[in-house]
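One-letter residues, chain by chain:
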Amino acid sequence: VQLMESGGGLVQAGGSLRLSCVASGSFFGFNTMGWYRQVPGKQRELVASVANGGDTKYIDSVKGRFTISRDNAKSTVYLQMNSLKPEDTAVYYCKVNDRHWGRDYWGQGTQVTVAS
């Protein structure tokens, strides 16, 4: 399974970005799909996740601003980020859990920079 992220970039505070993560390769589908982020010197943290049934989870700091969604037909997970803040600056990674093998796969990361 290969994951390709896109949509990162530089944005002013208060702006929006939409991240996409497309899976390719051999798989039967995914359980949970999620977005993580990491800043230098800190641990990678889960930002949002969406289960195969559609249940979503968010960290408190992004609730009401970020929306995660998935399109199983396109093997894609999205993260709509609104009202961005400088503290959202990080490398964002997607992660998926393979339904058949139960194995996790990571994307290569995409940089999000929010200027104040």
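Residues numbered from 1 in each chain as written. Predicted model: local features only at pLDDT ≥ 70, side-chain atom pairs only at ≥ 80, totals over all residues. Heavy atoms only, no water.

Examining the pairing of strand 11 (residues 110-115)
- With burial as the criterion, only one face of strand 11 is covered, namely that bearing T110, V112 and V114; the residues Q111, T113 and A115 on the opposite face remain uncovered.
- By the bridge criterion, four bridges tie strand 2 (residues 9-12) to strand 11 in an arrangement that is parallel. Residue V11 lies in a different strand from strand 11, and its bridge partner there is V114.
- Strand direction decides the pairing type here: strand 9 (residues 90-98) and strand 11, joined by three bridges, are antiparallel. Bridge assignment links V91 to a residue of strand 11, and that residue is Q111. (Buried < 20%, exposed > 50% of the residue type's maximum accessible area, 1.4 Å probe, protein only. Helix = DSSP H or I, 4+ residues; strand = E, 2+ residues; numbered from the N terminus. Pairing = 2+ DSSP bridges.)

Section: the state of the cysteines
- Counted under the stated rule, the structure contains one disulfide.
- The residue that forms a disulfide with C21 is C94, at a sulfur-sulfur distance of 2.0 Å. On the sign convention where negative means left-handed, the S-S torsion of about 40° between C21 and C94 marks this disulfide as right-handed. Of this pair, C21 sits in strand 3 (residues 17-24) while C94 is found in strand 9, placing the two residues 73 residues apart along the sequence. (Disulfide = S-S within 2.5 Å.)

Any functional reading would require information that these geometric values do not contain.
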